[in-house]
Amino acid sequence: MILVTGGAGFIGANFVLDWLAHSGEPVVNLDKLTYAGNLHNLASLQGDARHVFVQGDIADRALVERLLAEHRPRAIVNFAAESHVDRSIHGPEDFIQTNVVGTFRLLEAARHYWQALDATEKGAFRFLHVSTDEVYGTLAPDAPAFTEEHQIEPNSPYSASKAASDHLVRAWHHTYGLPVLTTNCSNNYGPLHFPEKLIPLMIVNALAGKSLPVYGDGMQIRDWLYVKDHCSAIRRVLEAGRLGETYNIGGWNEKPNIEIVHTVCALLDELRPRADGQSYKAQITYVKDRPGHDRRYAIDARKIERELAWRPAETFETGIRKTVQWYLDHPAWVAQVQSGAYRDWVAKQYEGAAV
Ligand code: NAD
Ligand code: DAU
């Protein structure tokens, strides 16, 4: 079996569902259930003996050690993190606690467990750390995309905390020999994405008749990957990645934010037209920019293609259509995640912007 951390969040839940759809191998899912963790994401696994959910913190070393001793996983896949850049600007402390201290404690528990395994189990064990392209910093408009050799130049409290965790993972391999793999992925989108992030926020606000808040001039570029492609890449790296290596994962889909928002509006115009016949684009509002906002990310995903023969299956056009349709088909999920705490966050982040 494998231990997944953060498996009630956006990517982690997609990964657990995807994993169990592709293999019979059980999953122990350790998640703290912060505001971003949501057991409704895993509702379809109720009664499925292959999924064991444990509410808890990766920084709780005694708990992690107990889970490792009890379930004896052959791998740990670490998704658990504070993940939202804007929240890291308002309150960086939780990011240091989970992304840095939490990863450190998880590594220590993994190291002690791994060191006590017999030779065969030891050789087969993997610690896969899920990280982000944001650790590389920002790119000039004409600069080549990030390769795995790019300098680490994080610019936000979030990306700095993820970079710190990547360094710890690297050091635990170099110093102790822990068999680690690290993946650095670009922006994901798809089902179960919490509506604090750009794409789901635009969909739910558009449908609610609220404004669509675009930061600054809307010309920041991100490289978008459908979440199920990220899951298949992680499965592939876990299966065949070279120990101690990092693999960049991306969708070859660089797009300015305003183009993403226009695409979401055009799909909604087609699939759920506004009653007044106007386009959802009428709801776009330019708001104050994110402090320290990275201008461009782009992933060079040639290493994972060359070494592991992985390429994304979805184009942006197919993936975004599926995503918009998923939100239209799941109004109960959307209503359930828009709790009081969610509304407080929106009021704080978009203050005065009528969002
Ligand atoms: P998310 O915020 O949706 O989910 C994070 C999950 O981790 C939640 O279920 C939360 O409850 C859990 N968690 C938080 N702190 C925890 C702790 N201390 N112990 C146990 N569980 C804890 O995040 P996501 O978008 O699914 O991202 C998952 C991982 O992928 C993160 O490590 C993130 O840095 C990385 N990543 C995300 C993207 C993206 O576009 N979303 C891209 C590249 C990499
Ligand atoms: O690149 C990978 C990263 O992608 C992950 O590591 C992060 O966990 C994930 O949150 C994401 O970070 P971003 O900051 O790129 O994602 P976000 O959806 O917050 O913003 C995407 C772009 O849209 C960014 O340029 C900011 C802009 N934006 C975002 C919001 C929420 C807006 O213009 N308006 C908004 O309301």
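Going by the structure above, here's the rest.
All values reported here derive from a predicted model rather than from experimental measurement. (Residues numbered from 1 in each chain as written. Chains lettered and ligands numbered in written order. Predicted model: local features only at pLDDT ≥ 70, side-chain atom pairs only at ≥ 80, totals over all residues. Heavy atoms only, no water.)

Draft legend 1. Region of the structure containing the sheet that holds strand β9 (residues 221-226). On the basis of which strands lie adjacent, the open sheet formed by three strands has the order β7-β9-β11 and mixed pairing. At either margin of the open sheet sits one strand with a lone partner, and together these are β7 (187-189) and β11 (254-256). Direction aside, the axes of adjacent strands within the sheet are offset by 50° on average. As paired elements, β9 and β11 share three bridges and run antiparallel to each other. By the bridge assignment for β11, Arg 222 is matched with Lys 255. The strands touched by helix α8 (residues 227-240) are β7 and β9; relative to β9, the strand with the most contacts, the crossing angle is about 70°. (Pairing = 2+ DSSP bridges. Helix = DSSP H or I, 4+ residues; strand = E, 2+ residues; numbered from the N terminus. Axes fitted to C-alpha atoms, helices over the stretch in contact; angles between N-to-C directions. Contact = heavy atoms within 4.5 Å.)

Draft legend 2. Main features of the environment of Arg 343. One can find Arg 343 in helix α13 (residues 340-349). The spacing of Arg 343 and Gly 241 is 102 residues in sequence and 41 Å in space, taken between C-alpha atoms. Engagement of the side chain of Arg 343 in a polar contact is seen with the backbone oxygen of Gln 338, the distance being 2.9 Å. (Polar contact = N/O pair within 3.5 Å; in protein donor to acceptor, adjacent residues only side chain to side chain.)

Draft legend 3. Broad picture of helix α2 (residues 61-71). For α2, the set of buried residues is Leu 63, Val 64, Leu 67 and Leu 68. Within α2, the buried residues cover an arc of 135° as seen down the axis, which keeps them to one side. Opposite the buried face of α2, by more than 90 degrees, sit the exposed residues Ala 62, Ala 69 and Glu 70. Turning to α2, the residues buried within the fold contact β1 (2-5), β2 (27-31), β3 (51-55), β4 (75-78) and α4 (93-115). The positive-phi residue at the C-terminal boundary of α2 is Arg 72, with phi of around 50°. (Buried < 20%, exposed > 50% of the residue type's maximum accessible area, 1.4 Å probe, protein only. Arc of directions from axis to C-beta.)

Draft legend 4. Looking closely at the site of ligand 1. If you check the shell around ligand 1, you find 28 residues, and the closest are Ile 11, Asp 31, Ser 83, Tyr 158 and Lys 162. Here Phe 79 contributes a backbone N or O atom positioned 3.0 Å from an oxygen atom of ligand 1. In this structure, an oxygen atom belonging to ligand 1 sits 2.6 Å away from a side-chain N or O atom of Ser 83. Among the elements of the structure, α1 (10-22), β5 (126-132), α6 (157-176) and β7 are those that each provide at least two residues to the shell around ligand 1. Considered class by class, the residues forming the shell around ligand 1 number twelve nonpolar, twelve polar and four charged. (Near = heavy atom within 4 Å. Nonpolar A, V, L, I, M, F, W, Y, C, P; charged D, E, K, R; others polar.)

Draft legend 5. Spotlight on the pattern of salt bridges. Within the structure shown, the criterion is met by 23 salt bridges. In this structure, Asp 217 engages Arg 295 in a salt bridge whose closest nitrogen and oxygen atoms are separated by 2.7 Å. In this pair, Asp 217 sits in the loop between β8 (212-215) and β9 while Arg 295 sits in the loop between β12 (284-287) and α10 (302-308), placing the two residues 78 residues apart along the sequence. Residue classification places Arg 295 among the partly exposed positions, given a relative accessible area of 37%. Glu 254 is the salt-bridge partner of Arg 296, the closest N and O atoms lying 2.7 Å from each other. Within this pair, whereas Arg 296 is found in the loop between β12 and α10, its partner Glu 254 is found in strand β11, the two being separated by 42 residues in sequence. Glu 254 sits in the partly exposed class, given a relative accessible area of 37%. Several salt bridges share partner residues, and in doing so they unite Arg 242, Glu 245, Lys 303 and Glu 307 into one network. (Salt bridge = Lys/Arg side-chain N within 4 Å of Asp/Glu carboxyl O.)

Draft legend 6. Inspection of the pairing of β9 at higher detail. Among the six residues that make up β9, five are buried, leaving the element largely enclosed by the rest of the structure. Relative to β9, β7 runs parallel, the two sharing three bridges. The residue bridging Asn 188 from the neighbouring strand is Leu 225, located in β9.

Draft legend 7. Up close: the nonpolar core. Judged by nonpolar contacts, the single largest core of 71 residues is most densely connected at Val 4, Phe 15, Val 77, Leu 128, Ile 304 and Ile 320. Ranked by residues supplied to this core, first place goes to helix α9 (residues 257-271) with seven residues. When near neighbours in sequence (up to four residues on either side) are disregarded, Ile 304 contacts Ala 233, Val 237, Tyr 247, Asn 248, Ile 249, Ala 309 and Trp 310. (Core = buried A, V, L, I, M, F, W, Y, C linked by side-chain atoms within 4.5 Å.)

Draft legend 8. Just the sheet that holds β2, in detail. Strands sit in the order β3-β2-β1-β4-β5-β6-β10 across an open sheet of seven strands; the sheet is parallel. Where the open sheet ends on each side, the last strands, each with one partner, are β3 and β10 (246-249). Adjacent strand axes in the sheet meet at a mean angle of 20°, parallel and antiparallel pairs treated alike. Summarising the sheet, strand β6 (residues 180-185) and β10 pair through four bridges and their orientation is parallel. The residue of β10 that forms the bridge with Thr 183 is Tyr 247. Along the sheet, α6 makes contact with β5 and β6, crossing β5 at roughly 155°.

Draft legend 9. Main features of the pairing of β2. Where burial is concerned, most of β2 is hidden: five out of the five residues are buried. Burial along β2 is two-sided: Val 27, Asn 29 and Asp 31 facing one way and Val 28 and Leu 30 facing the other are all buried. Relative to β2, β1 is paired through four bridges, and the arrangement is parallel. Across the sheet, the residue bridging to Leu 3 is Val 28, located in β2. Taken together, the five bridges between β2 and β3 define a ladder with parallel strand orientation. Within β3, the residue paired with Asp 31 across the bridge is Gln 55.

Honestly, it's all geometry; don't read function into it.
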